[in-house]
There are 2 protein chains.
Amino acid sequence: MRFSRLLIPTTKETPNDATLASHIYLIRGGFIQSVGGSGLYNFLPLGKKVLDRVRSVVKEELDKAGCQEVSLSFVTPASLWEESGRYEKYGKELLRFKDRKNNEFVLGPTHEEMMVNLVRQSVKSYKQLPLNLYQINLKFRDEIRPRFGLMRGREFLMKDGYSFHVSEKDMKREFALMEETYKKIFTRLGLEFKVVEADSGAIGGSGSKEFMVLADSGEDTIVVCDNCDYGANIEAAVRREKACEAKAPETEPGKVHTPDTTTIEALSTFFDADPYYLVKTVAKRALYDEGKSEVVLFALRGSDELQEVKACNAVNANDLVDISEEELEAAGLLAGYMGPTVVPEGVRVVLDNNLKEADSMICGANEKDQHLAGVSFEGMAGDYHDIAAVQEGDLCPKCGSPMRYTKGIEAGHIFQLGTQYSEPLGATFLDENGKAQPMVMGTYGIGVSRLLAAIIEQNHDERGCIWTKESAPFDLQLIVSNIKDEAQVALGEKLYDALSAKGLDILFDDRKDRFGAKMKDYELLGIPHAVVIGKKLQDGLVEFISREGLVKEEVSADDILDVVGERV
Amino acid sequence: MRFSRLLIPTTKETPNDATLASHIYLIRGGFIQSVGGSGLYNFLPLGKKVLDRVRSVVKEELDKAGCQEVSLSFVTPASLWEESGRYEKYGKELLRFKDRKNNEFVLGPTHEEMMVNLVRQSVKSYKQLPLNLYQINLKFRDEIRPRFGLMRGREFLMKDGYSFHVSEKDMKREFALMEETYKKIFTRLGLEFKVVEADSGAIGGSGSKEFMVLADSGEDTIVVCDNCDYGANIEAAVRREKACEAKAPETEPGKVHTPDTTTIEALSTFFDADPYYLVKTVAKRALYDEGKSEVVLFALRGSDELQEVKACNAVNANDLVDISEEELEAAGLLAGYMGPTVVPEGVRVVLDNNLKEADSMICGANEKDQHLAGVSFEGMAGDYHDIAAVQEGDLCPKCGSPMRYTKGIEAGHIFQLGTQYSEPLGATFLDENGKAQPMVMGTYGIGVSRLLAAIIEQNHDERGCIWTKESAPFDLQLIVSNIKDEAQVALGEKLYDALSAKGLDILFDDRKDRFGAKMKDYELLGIPHAVVIGKKLQDGLVEFISREGLVKEEVSADDILDVVGERV
């Protein structure tokens, strides 16, 4: 296509609210345009083209894996969300509204209910299973703080797939197939990614994996092992049990007067004890359905940090929020001196698994200026969970090597859902004996519009985008340096026709602009390759550019078709 | 693809609310599924496939014509609608809602404001024009009475395109190009259609054409001339001036006592006058912005009928509603005796163009039991408009032949918009002299999901759908009659591979069902061709079926590949 006829409004101005490279370059390159600065975006011609290419890769691989594409209504009756119990639970990201007849609807942020509703109406028998249905469609989440461009918008394009099975075993087979299919998709898109164990979050279910595009700007912290393939979101990461080389403190069991000793650090000094032997007690307010809440004390070793998602899951709350000193006092608790062994009525205690059987521990006494020494958890009953965050250097649960942190962008997520939705919504099938059984489900998502941001976060330099082969809006940019030079134009037109005839998708920069401006645009747009027809054409030479590293080579004009054939 | 693995939930049950063939067959064939019976639909795998095929035809032809695809946010800030003045005006079909921060949004029912906003931010100079941008995207209109399946749903897929020009002349050039492009699209989709003059409705502007798919079930009445290519929606149709062979009534001018003579028929008898010489006076309440309204008398010849859309446009109202006798009395009017010549204060009068210079007319005197005879409109000042409906037999404005009515489904609509949106929204460009000018716009829509219904309305029989070549979900259905017969299955598999290898998209009915059930499904699904491998395979014969007319031919199994090659 001819640049002169396309709407590609490139600009030098960085948007005020943009900090991420992808946000800056997608706007500056005229791929997308903000609508009122509220997490809503228009895709301009170039952005739409990239979106379509990414969408095609996703669709092709899913179709090959036997998935079937459908398209569900975006506007969704609230009644379905009431059936599943999520209408109340989902929080304010679920945009609820009424139509002119006062019926309640939501803008689908995810479509479990809709898809289960579709299938419960269409599928009756085990003979119709398994099924894997997906759509690539709009979603809306009313984010409190939409940011980072396409990374965390409110309206976005998502591929959401749902599979239905007669058994857990068959669902796990499909889950594995989807893992392989997603790997193919991300590989084709040219992404460096890692499949990690993940928390299942609000969608629920057991067993889930995330596809993390590795990038320093990623919002997610991932724990990875370089020795084996283990990787997990910090929200779900586990480790080998931690030992401590330091000696246990020898303080006599019983109460100890500890004025002004309210931090792990101060306690460690006071008792000359490694934090491993101290109990860190963190108070949170856990929020549940229907406005219910309670105060929870989360206790773990002083050498560990609380992992809030794990903690939230441990009490099955919708959210955990911080608690003020006044609220603590009202609950009969005292900041700095809390402990899990003596607690006021009505306060719930959750213990980290690492405290199981722990001995010679020191913890708060729930009294001013008092700690308890020589506390033993041996044989102590309690509500034990994994609530500690894995730390850098902790040992891999699979191979025992030290692990490290890295950053990732969540671009895909696959879940083993089980019967969490099929049961309340009554999606059953008749088995071979004619008995009704709930369908076993899996669910599989890819953030399609977010992928555009993820690709650029991983593939850019200080000049602009560097699109990967299968995501690029064009295969090659053909630049005529001086549009008034007849020989340059003639060769440009000839190459444009010849390359197009070969099936290549060419952006032909035929604009009257200065050469410098055209090159700046080329660097910003980030098409993988370019051919520049410039002054050296007098000597029979043109330039072949690879956008990655901006590698420039002089090539004989006679050979350029061959070079492009080999390299693009 | 294998039928056994696809979700195609065919059913014999006709949905309760369905009267149109397309509604019935699209549901019964498992193409779409109603979501809570409120004008929302899911597209199941087969429906999605048809939708994608139709979408591809639309996209291919638009791209060839130089249009550029974009994708605009479906959730749209209300502020843009306030800028254009439509936020108040649009009525309840515009779904308005607030987000969690209490900001106002709408679900886009059409995207003029959004597209003008996009362009005013991106285009500064005449050098960047013309531009024709389109999207194929969701729309939502909160219809008071969603019905007829995909024909009048609330959420639907639409292609909406908008062009931007430096001049009226250039816009008209593009308008003509779009007319040609739309003709190509509807022709490729195998539709019998008519391009007709149309009313511009709420979108406004001057000069618009509709693409009507001809079908008895169409909601629109179209006036067509069989002698030339003239055609128009009845809302916009015009005719040659009508003459009357009957003699004018000779009643003396002045008031005539006309007790119980309140209808045109009664008046015609009473005065022994052709209705042509009577004045029909219709009272309506015209509704305007901000709750304003007024009583309007529309006067036309007694031989004509009021065309309400024309009448509404004549007073530039948002709507016309009927008026009760009490309201009439309150306005000083009397049903049956109203006339346009003597009216109470505050009542507006609109005269039909056909009354201009009319003589020897009889009309109500706005007094009980009184009419006026010998009324002449010669030289009479007044608010004259075309407000009469063209009738069957009226003469074509182009060639003078008698015209007739037919029914159509509006599948496309193209408008010459002018500067109606660019002016209020400030979408200007700098012309060659550096002077800011408002862009001249055109707008072009196709009801993409509605097209599925329109295709079936025009192409079905009593057994089911008959898809056209370019809209069909598959090219051919391959049916193995008895899946337990090894020879049949072997040939089926062989043909499936061979035909697929030829690039044909085959639905392979490999199900264990009875042959009769498979044929019923074939007839319902309406794929253009089928090959049936049945008992006669023993004699080396298979059956080739054309769905249109259900024409069945016996073909040698050895020749079937050639026959399919020639005919499909």
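Cut-offs used in this document
Per chain, residue numbering runs from 1 following the sequence as it is written. Chains and ligands are labelled sequentially in the order written, the chains with letters from A and the ligands with numbers from 1. At least 70 in pLDDT is required for a residue's local features to be given in this predicted model, at least 80 for side-chain atom pairs to be given and counted, and no such filter applies to totals for whole chains, interfaces and linings, which use all residues. Think of the side-chain values as coming from all heavy atoms in the structure, minus any hydrogens and water. UniProt positions are given in the numbering used here, feature names are shortened, and annotations may be inferred rather than shown by experiment. Numbering goes from the N terminus for both helices and strands, where a helix is a DSSP run of H or I of at least four residues and a strand is a run of E of at least two. Categorising residues by exposure relies on relative accessible area from a 1.4 Å probe, with only protein chains included: less than 20% of the type maximum marks a residue as buried, more than 50% marks it as exposed, and the intermediate range marks it as partly exposed. In this description, contact between two residues means that some pair of their heavy atoms is separated by no more than 4.5 Å. Calculation of accessible area relied on Shrake-Rupley with a 1.4 Å probe; when residues are assessed, cover is drawn exclusively from the protein chains displayed. As a rule, the C-alpha atoms of each element are fitted with a line to give its axis, helices using only the stretch in contact, and angles between N-to-C directions run from 0 to 180 degrees. By definition in this entry, angles of less than 35 degrees are roughly parallel, angles greater than 145 are roughly antiparallel, angles of 65 to 115 are roughly perpendicular, and the rest are oblique. Residues are grouped as follows: Ala, Val, Leu, Ile, Met, Phe, Trp, Tyr, Cys and Pro are nonpolar; Asp, Glu, Lys and Arg are charged; every other residue, Gly included, is polar. Paired strands, in this sense, are two strands between which DSSP finds at least two bridges. A simple way to read buried area is as the amount of 1.4 Å-probe accessible surface that goes missing from two parts once joined, with both sides added. Any carboxyl oxygen of Asp or Glu within 4 Å of a side-chain nitrogen of Lys or Arg constitutes a salt bridge here. Polar contacts here mean pairs of N or O atoms no more than 3.5 Å apart (in protein, one a potential hydrogen donor and the other a potential acceptor; neighbouring residues in sequence count only if both atoms are side-chain atoms). Alignment of copies: least-squares fit on C-alpha atoms of residues with pLDDT of at least 70 in both copies. The split of the chain into domains comes from an automatic or database domain assignment. Pairing of aromatic side chains requires ring centres within 6.5 Å, counting the rings of Phe and Tyr and the six-membered ring of Trp. Pairs whose planes differ by under 30 degrees are stacked, by over 60 edge-to-face, and all others tilted. The criterion is that NZ of a Lys, or CZ of an Arg, lies within 6 Å of the ring centre and within 35 degrees of the ring normal, and then a charge sits over that ring. The pLDDT value expresses, per residue, how confident the predictor is, ranging between 0 and 100. Note that patches include only residues with greater than 30% relative accessible area and no salt bridge, and the join distances are 9 Å for like charges and 5 Å for nonpolar side chains (Val, Leu, Ile, Met, Phe, Trp, Tyr). Under the counting rule used here, the positive set is Lys and Arg, the negative set is Asp and Glu, and His together with the chain ends is not counted. Charge coordinates come from a single atom per side chain, which is NZ of Lys, CZ of Arg, CG of Asp or CD of Glu. The disulfide criterion is simple: two cysteine sulfur atoms within 2.5 Å.

The name given to chain A in an unreviewed UniProt entry is Proline--tRNA ligase, with the source organism recorded as Sulfurovum lithotrophicum. One UniProt comment on chain A, placed under Sequence similarities (unreviewed entry), says "Belongs to the class-II aminoacyl-tRNA synthetase family. ProS type 1 subfamily." Under the UniProt heading Subcellular location (unreviewed entry), the entry covering chain A gives this text: "Cytoplasm".

## Some points on the overall build of chain A
The number of helices and strands found in chain A is 13 helices and 31 strands. When its C-alpha atoms are laid out on the principal axes, chain A stretches across 95 × 65 × 50 Å. Counting the 568 residues in chain A, one finds 57% classified as buried. Here the analysis covers contacts within chain A between residues at least 6 apart in sequence; of these, 68% occur between residues at least 24 apart. Carbon and sulfur atoms form 46% of the exposed surface of chain A, whose accessible area is close to 23,500 Å².

## Some thoughts on the packing of helix α1 (residues 21–28) of chain B against helix α10 (residues 448–458) of chain B
For any two helices packed against each other, the geometry is given by the interaxial angle and the distance between the axes. Residues and elements named next belong to chain B. Contact pair α1 / α10: the axes reach a minimum separation of 8 Å and the direction vectors enclose 110 degrees. When the interaxial angle is binned, α1 and α10 end up roughly perpendicular. Counting all contacts with α1, which are made through Ala21, Ser22, His23, Tyr25 and Leu26, the residues of α10 involved are Leu452, Ala453, Ile456 and Glu457. By residue class, the composition of the contact of α1 with α10 is six nonpolar, two polar and one charged.

## As for the sheet that holds strand β31 (residues 551–556) of chain A
All names here are of chain A. Taken together, five strands build an open sheet; the order of strands is β28-β27-β29-β30-β31 and the sheet is mixed. Both outer strands of the open sheet, β28 (506–509) and β31, are each paired with one neighbouring strand and no more. Within the sheet, the average angular offset between the axes of one strand and its neighbour, ignoring direction, is 20 degrees. Note: strand β27 (residues 476–480) against strand β29 (residues 529–533), five bridges, orientation parallel. Within β29, the position partnered with Gln477 by the bridge is Ala530. Packing against the sheet, helix α11 (residues 486–501) makes contact with β27, β28, β29 and β30 (541–546), and its axis sits at approximately 165 degrees to β27. Across the sheet, helix α12 (residues 515–525) lies against β27, β28, β29, β30 and β31, angled at about 175 degrees from β27, the strand it touches most.

## Structural notes on the interface of chain A and chain B
Chain A puts 51 residues into the contact, and the matching count from chain B is 51 residues. Taken together, both faces of the contact between chain A and chain B bury some 4,300 Å²; the carbon and sulfur share is 58%. When the buried area of chain A at its contact with chain B is split by residue, A:Leu7, A:Gln68 and A:Arg100 rank highest and sum to 15% of it. At the junction of chain A with chain B, the criterion picks out four salt bridges. Applying the counting rule to chain A against chain B returns 26 residue pairs in polar contact (both at pLDDT 80 or more). In terms of residue class, the side of chain A that touches chain B is built from 27 nonpolar, nine polar and 15 charged.

## Quick look at the relation of the copies chain A and chain B
For the pair chain A and chain B, the best superposition has an RMSD of 0.1 Å and corresponds to a rotation of 180 degrees with a translation of 0.1 Å parallel to the axis. Viewed as a symmetry operation, the transformation between the two copies matches a two-fold axis. The C-alpha atom lying nearest the rotation axis in chain A is that of A:Phe97; the distance is 3.1 Å. Here 100% of the interface residues in chain A have copies in chain B that are interface residues too; the copies meet face to matching face.

## A look at the pattern of salt bridges
Side-chain pairs of opposite charge can arise whenever the charged atoms involved come near each other. Residues and elements named next belong to chain A. For the structure on display, the rule yields 99 salt bridges over all chains. With a shortest N-O distance of 3.2 Å, Lys64 and Glu61 are connected by a salt bridge. Pair noted here: Lys64 and Glu61 are both in helix α2 (residues 45–64), with a separation of three residues, about one helical turn. The salt bridge partner of Asp394 is Arg239, with a shortest N-O separation of 2.8 Å. A residue pair is termed long-range when its members are at least 10 positions apart, and Asp394 in the loop between β20 (384–385) and β21 (403–418) and Arg239 in the loop between β12 (231–233) and β13 (254–257) qualify at 155 residues. Here the two residues Asp394 and Arg239 agree in accessibility, since each one is buried.

## Quick notes on the domain arrangement of chain A
Each domain of chain A was delimited in the assignment, giving domain 1 (45–76 + 108–238 + 404–457), domain 2 (254–385) and domain 3 (476–567). The C-alpha-based centres of domain 2 of chain A and domain 3 of chain A are spaced at 66 Å.

## Topic: unusual backbone geometry
Residue and element names in this part refer to chain A. In this chain, Leu129 is followed by Pro130 through a cis amide linkage whose omega measures 0 degrees. Relative to the assigned elements, Pro130 resides in the loop between α5 (112–122) and β7 (131–140). Phi is positive for Asn366, which is not a glycine, with a value near 60 degrees. Along the chain, Asn366 falls in strand β18 (residues 361–367). Note on Asn366: relative accessible area 16%, which makes it buried. One non-glycine residue, Leu550, adopts positive backbone phi at about 45 degrees.

## What to know about helix α10 (residues 448–458) of chain A
With 11 of its 11 residues buried, α10(A) lies for the most part within the structure. All of the buried residues in α10(A) are A:Val448, A:Ser449, A:Arg450, A:Leu451, A:Leu452, A:Ala453, A:Ala454, A:Ile455, A:Ile456, A:Glu457 and A:Gln458.

## Notes on the packing of aromatic side chains
One pass over the structure, following the stated rule, counts 24 aromatic pairs over all chains. When the centroid spacing of 6.2 Å and the interplanar angle of 25 degrees are considered together, the rings of A:Phe97 and A:Phe105 count as stacked. No difference in accessibility class separates A:Phe97 from A:Phe105, as the two residues are buried. An aromatic cluster is built from A:Phe97, A:Phe105, B:Phe97 and B:Phe105, whose rings are joined through pairwise contacts. A cation over a ring is seen here: A:Lys49 above A:Phe474, with NZ or CZ 3.8 Å from the ring centre.

## Concerning helix α1 (residues 21–28) of chain A
Residue and element names in this part refer to chain A. For α1, the buried fraction is high: eight of the eight residues fall into the buried class. Three or more residues of α1 are buried, namely Ala21, Ser22, His23, Ile24, Tyr25, Leu26, Ile27 and Arg28. Considering only its buried residues, α1 is in contact with β1 (32–34), β2 (41–43), α10, β25 (460–461), β26 (464–465) and α12. Count one or two residues on from α1 and you reach Gly30, which has phi positive near 70 degrees.

## Some details on the sheet that holds strand β6 (residues 104–107) of chain A
Residue and element names in this part refer to chain A. Judged by pairing direction, the sheet is antiparallel, and its three strands sit side by side in the order β4-β6-β5 without closing on themselves. One side of each edge strand has no neighbouring strand; the edge strands of this open sheet are β4 (75–77) and β5 (95–98). Each strand of the sheet is rotated relative to its neighbour by a mean of 40 degrees, with strand direction disregarded. Two strands pair when backbone bridges link them, and β4 and β6 are joined in this way by three bridges, in the antiparallel orientation. Bridge pairing in β6 places Val75 opposite Leu107.

## Brief notes about the confidence of the model for chain A
This prediction gives chain A a mean pLDDT of 95; 99% of its residues lie at or above 70. The ipTM for the predicted assembly is 0.92, set against a pTM of 0.92.

## Some thoughts on the pairing of strand β15 (residues 293–301) of chain A
All names here are of chain A. Taking burial as the measure, the nine residues of β15 include seven buried ones, the bulk of the element. Between strand β14 (residues 279–287) and β15, which pair antiparallel in sequence order, lie five residues; one of them, Glu290, sits at a positive phi of approximately 55 degrees. Here β15 runs beside strand β17 (residues 348–352); their pairing, made up of four bridges, is parallel. Paired with Phe298 across the strands is Val350, a residue of β17.

## Describing the side chain of B:Arg86
Position of B:Arg86 relative to the elements: it lies in helix α4 (residues 86–89). In terms of polar contacts, B:Arg86 uses its side chain to reach the side chain of B:Glu113, at 2.8 Å.

## Observations regarding a negative patch on the surface
Taken together, the side chains of A:Glu82, A:Glu88, A:Glu104 and A:Asp289 present a region of like negative charge at the surface. Tracing the chain through its elements places A:Asp289 in the loop between β14 and β15.

## With respect to the state of the cysteines
Residues and elements named next belong to chain B. Counted according to the given criterion, the structure contains zero disulfides over all chains. For Cys363, which is in no disulfide, the shortest distance to another cysteine sulfur is to Cys244 and amounts to 17 Å. Classification of Cys363 by relative accessible area gives buried; the value is 0%.

## Description of the side chain of A:Asp199
All names here are of chain A. Here Asp199 is to be found in the loop between β9 (193–197) and β10 (208–214). Here the side chain of Asp199 touches Asn313 through a polar contact of 2.4 Å, side chain to side chain. Those residues in contact with Asp199 that sit more than four places away from it in its chain are Ser208, Glu235, Ala236, Val309, Asn313 and His413.

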